[in-house]
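Commentary on secondary and tertiary structure
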Amino acid sequence: MILADRIRAWLGLAALLRGARVRQLVPAAALVVVSGVLPVTFILAMGQVVATVWSTSDVPDTATSWLVVAVLAMTAQQLLDPLWTVLTTGIARSIDRHAHHRLITNALSAPLATAERGDVSGKLADAVRLHRQGLPTPGSGAAALLPLTARYLQLGAAVAVVGVTVSWLVAVPLLAAAVLLRIGHRGALSRYFHHYWHGLADERKRVFYLHNLGTDSVSAKEIRALRLTGWLRERTGRETAAYLAKTWKARREVYFGPFLRYTAVGFGVGVFAIVTIAVLHGQDPGVAGLVVAAQATLVPLRFGRGIPDCDTATEHGHLAHDVITGHERAVRAAHTAARAPAEPVTIRRDAAITFEHVHFRYPGADRDLLRDVRLTIPAGRSTAIVGLNGAGKTTMIKLLAGFHTPTHGRITVGEHDLGDLDPVAWRQRIAALTQNFTRFDLTLRDNVLLGAAHRPPDHGALLDAITLANAREILEALPHGLDTVLSPRYHGGVGLSGGQWQRIALARALYAQAMGASLVVLDEPTAQLDPRAEAAFHQEFFELTAGVTTLVIAHRFSTVRRTDAIAVLDGGTITEHGTHDELLARSGTYATMFRLQADRFDQLAG
Ligand SMILES: Nc1ncnc2c1ncn2[C@@H]1O[C@H](COP(=O)(O)OP(=O)(O)OP(=O)(O)O)[C@@H](O)[C@H]1O
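You'll find the protein chain entered in an unreviewed UniProt entry as ABC transporter domain-containing protein, with Actinophytocola xinjiangensis given as the organism. Its UniProt record, at the heading Subcellular location (unreviewed entry), says of the protein chain: "Cell membrane".

If you tally the helices and strands in the protein chain, you get 23 helices and 10 strands. With 606 residues in all, the protein chain has 31% of them scored as buried. Taking contacts inside the protein chain between residues at least 6 apart in sequence as the whole, the part at least 24 apart equals 76%.

With that out of the way, let us pick up helix α1 (residues 3-15). Taking 1.5 Å per residue as the helical rise, α1 with its 13 residues ought to reach 18 Å, and the 18 Å between its terminal C-alpha atoms agrees with that figure. Of all 13 residues making up α1, only 1 are buried, and the element is barely covered by its neighbours.

Interaxial distance between helix α17 (residues 459-468) and helix α19 (residues 498-514) falls to 8 Å at its minimum, and their mutual angle equals 135 degrees. Classified by the interaxial angle, the pair formed by α17 and α19 is oblique. Between α17 and α19 lies a crossing of right-handed hand. The residues of α19 that touch α17, namely those facing A461, L462, D464, A465, I466 and L468, are A507, L510, Y511 and A514. Looking at the contact of α17 with α19 residue by residue, the class counts come to 9 nonpolar, no polar and 1 charged.

Moving on to the UniProt feature "transmembrane region" (unreviewed entry) in the protein chain. Per the UniProt record, "transmembrane region" (unreviewed entry) is annotated on residues 32-51, 155-181 and 259-280. Across residues 32-51 one finds 100% helix and 0% strand; the C-alpha atoms that close the span lie 30 Å apart.

Two strands pair when backbone bridges link them, and strand β3 (residues 382-386) and strand β9 (residues 565-570) are joined in this way by 4 bridges, in the parallel orientation. Paired with V386 across the strands is V568, a residue of β9. In this structure, β9 lies alongside strand β10 (residues 573-578), joined through 5 bridges in antiparallel fashion. Across the sheet, residue V568 finds its bridge partner in β10, namely E576. Linking β9 back to β10 in an antiparallel pair, the connection comprises 2 residues, with G571 at a positive phi of about 60 degrees.

Ranked by internal contacts, the top residues of the largest apolar core, which has 67 residues, are V448, A465, L506, A507, A509, Y511 and I566. Ranked by the residues each element gives to this core, the list is headed by α19, at 9 residues. If you count residues domain by domain, this core takes at least three from each of domain 2 (347-429 + 519-606) and domain 3 (433-517). The residues touching I566, leaving out its near neighbours within four places in the chain, are A384, V386, V560, G578, T579, H580, L583 and Y590. W66, L155, L174 and V269 belong to the second largest nonpolar core, which has 31 residues in total.

Further remarks concern the site of the ligand. Close contacts around the ligand come from E116, Y362, A365, L369, G387, N389, G390, A391, G392, K393, T394 and T395, and that covers them all. Classifying every residue of the shell around the ligand by side-chain character gives 4 nonpolar, 6 polar and 2 charged.

This next bit is on the sheet that holds strand β2 (residues 370-377). With antiparallel pairing, the 4 strands of this open sheet are ordered in space as β2-β1-β4-β5. A single partner strand is all that each edge strand has here, and the edge strands are β2 and β5 (416-417). Alignment of strand β4 (residues 408-413) against β5, held across 2 bridges, turns out to be antiparallel. Paired with V413 across the strands is H416, a residue of β5. Against the sheet, helix α14 (residues 393-400) engages β1 (353-360), β2 and β4, with an angle of about 115 degrees to β1.

Turning to the sheet that holds β3, a few remarks are in order. Pairing is mixed in the open sheet, where 6 strands are placed in the order β6-β7-β8-β3-β9-β10. Unpaired on one side and paired on the other, β6 (430-434) and β10 mark the two borders of the sheet. Pairs of neighbouring strands in the sheet enclose a mean axial angle of 15 degrees, with direction left out of account. As paired strands, β3 and strand β8 (residues 549-553) are joined by 4 bridges and run parallel to one another. When the bridges of β8 are listed, S382 appears paired with T550. The sheet contacts of α14 involve β3, β7 (519-523), β8 and β9, and relative to β7 the element is tilted by about 155 degrees.

As a further point, take the pairing of β4. Where β1 and β4 come together, 5 bridges link them in antiparallel fashion. From the neighbouring strand, H359 faces β4, where its bridge partner is H408. The loop that links β4 with its antiparallel partner β5 comprises 2 residues; one of these, G414, has a positive phi angle of about 60 degrees.

Attention shifts here to unusual backbone geometry. The phi dihedral of D372 is positive, around 50 degrees, even though this residue is not glycine. Here D372 shows up in strand β2. For N470, which is not glycine, the phi torsion reads 60 degrees and is therefore positive. N470 sits in the partly exposed class, given 15 other C-beta atoms within 10 Å.

Mean pLDDT over the protein chain works out to 82, with 90% of the residues at or above the 70 mark. Overall fold confidence for the complex sits at a pTM of 0.67, while the interface term, ipTM, reaches 0.96.

The next point concerns the packing of helix α7 (residues 145-165) against helix α8 (residues 168-199). Packing of α7 against α8 brings their axes to within 7 Å, and their N-to-C directions diverge by 155 degrees. Here α8 runs roughly antiparallel to α7, going by the angle between their axes. Pair α7 / α8 crosses with right-handed handedness. In this structure, α7 uses L155, V159, V162 and G163 to contact α8, whose residues at the interface are W168, V170, A171, L174, L175 and A178. Along the lines of polarity and charge, the residues of the contact of α7 with α8 split into 9 nonpolar, 1 polar and no charged.

Conventions we followed
Residues numbered from 1 in each chain as written. Predicted model: local features only at pLDDT ≥ 70, side-chain atom pairs only at ≥ 80, totals over all residues. UniProt positions renumbered as here; feature names shortened; annotations may be inferred. Helix = DSSP H or I, 4+ residues; strand = E, 2+ residues; numbered from the N terminus. Buried ≥ 20, exposed ≤ 12 C-beta atoms within 10 Å, placed from the backbone. Contact = placed C-beta atoms within 7 Å. Expected span 1.5 Å × (residues − 1). Axes fitted to C-alpha atoms, helices over the stretch in contact; angles between N-to-C directions. Parallel < 35°, antiparallel > 145°, perpendicular 65-115°, else oblique. Left-handed = near helix turned anticlockwise from the far one by under 90°. Nonpolar A, V, L, I, M, F, W, Y, C, P; charged D, E, K, R; others polar. Pairing = 2+ DSSP bridges. Core = buried A, V, L, I, M, F, W, Y, C linked by C-beta atoms within 7 Å. Domains from an automatic or database assignment. Near = placed C-beta within 6 Å. pLDDT = per-residue confidence, 0-100.

Rendered as structure tokens:
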């Protein structure tokens, strides 16, 4: 890392201290000063004790007084340690709260196209991993700057003592040696961390992935079912050993050479200082001065072994801070590049949604996924999109929700261009029920109310949505009713089956619709249900959403045929569009797909 970057990184870390409270920083600053001067106070007091005792055979009162000062200084140094821990922990927590808030805000405000980019999602995953591994956080890195400052004050005071009591000819090389030892030590540490974090990134991700496989509730089930426990143990052990071997190799390469060189320098300067002190005092044997000088000389030389409590914390703090600011920069760049939304507009509930010659290509892809898509989704009617796996159906929904922007063409809502609408306000108009709907480890009440978190909770609408979604029985069986946490991991919590969760997710979507959403999107939420349960689900769904603008993605044609219009997405474009009967009569792709599925179903039933 070049010097300017290094300085910027230190200043960035120091700037984090703004996240701490004044009532934390003021005592910490006082502690820095006190800790900075205590060692030389002890050294000077001991010098006075020796000087007084040496010059007379009686022990005078002044010697006792200086001894008391020395003992107090030494005791205070020990007592300050727990105080440091309390203060720096509090400061680190305050800073980390800010840092975490920044991370979450950035992650959630990032446009989906940015959030899904490998470098951005990788940074977010790194930040989370750094946090989870219990490694020092940005907050503890910034807080460690305070004891580090105290150590530099100690250095300055000790060098001044040597300069005044012996000679600046000794003090200046001592200071230079301390700085050199420090640069050498921190440089090696920083190179090691850089290598560990960037050079071994893939190995580290793999090892943590394997460790998580056995403990993650979803994958652990599959590992057990497939009897992969032995395989997982062997693979995790092998990859962990290989990873640790590389880590230790890097440690040896990065640390060992510099350690030898800098120890030699420190040793040389130490010998020089002690010889010089002895020579100077040989002409004027002041024992007290000799005691002071010898002790003060050791302070700078101790810098050679690093400052373990501060160095690891600040180096990790740099890393964690770097990851968070990198993520923030990428998100900010995406916001700057995004078009500023126009004034808030009123969208009529009867506004049709139209894809006008829409082309779309994912960033980094070499060709368009969607090509000249033209489709109108009329208000108050249901429309289905069908197509093979990977045809781009979900991508059309992402475009419709404003998560991505068409590469060419546009989507309109009534007379408005979707790109001109406030994306947050627009998304609040959409009630979505998707393949991977979230099962919040929260109460039933929260799970439904989150459908319209931007509106004050409406208890009547909440119960109506639960009733309409046929989830009343689920509610009545829960031990604490609406306030039961839907997760067995909580005391008094209850786990639900896949089908029961589907009902809760439907209730959430219906609640969103009751609270103002004008477009209901259904993206394969029933993929895990058996055909009968799926048919019943859709029957209810279409009854409940009659007269509402609905967009459905489903692979089962028994579902699709209930919609008012069907669009076939094939080769990136809409190739057929009409009612079920019209498309069957046309004997095109839809008719072929429908008959294939019907035949297969007959075979299975027969
Ligand atoms: N964020 C992304 N970045 C790059 N490519 C993506 C991204 N998301 C999806 N794709 C690619 O776009 C293509 C279409 O994906 P999409 O999810 O829209 O298909 P789909 O028609 O909904 O498929 P399915 O029926 O299997 O759910 C796939 O090839 C997929 O790999």
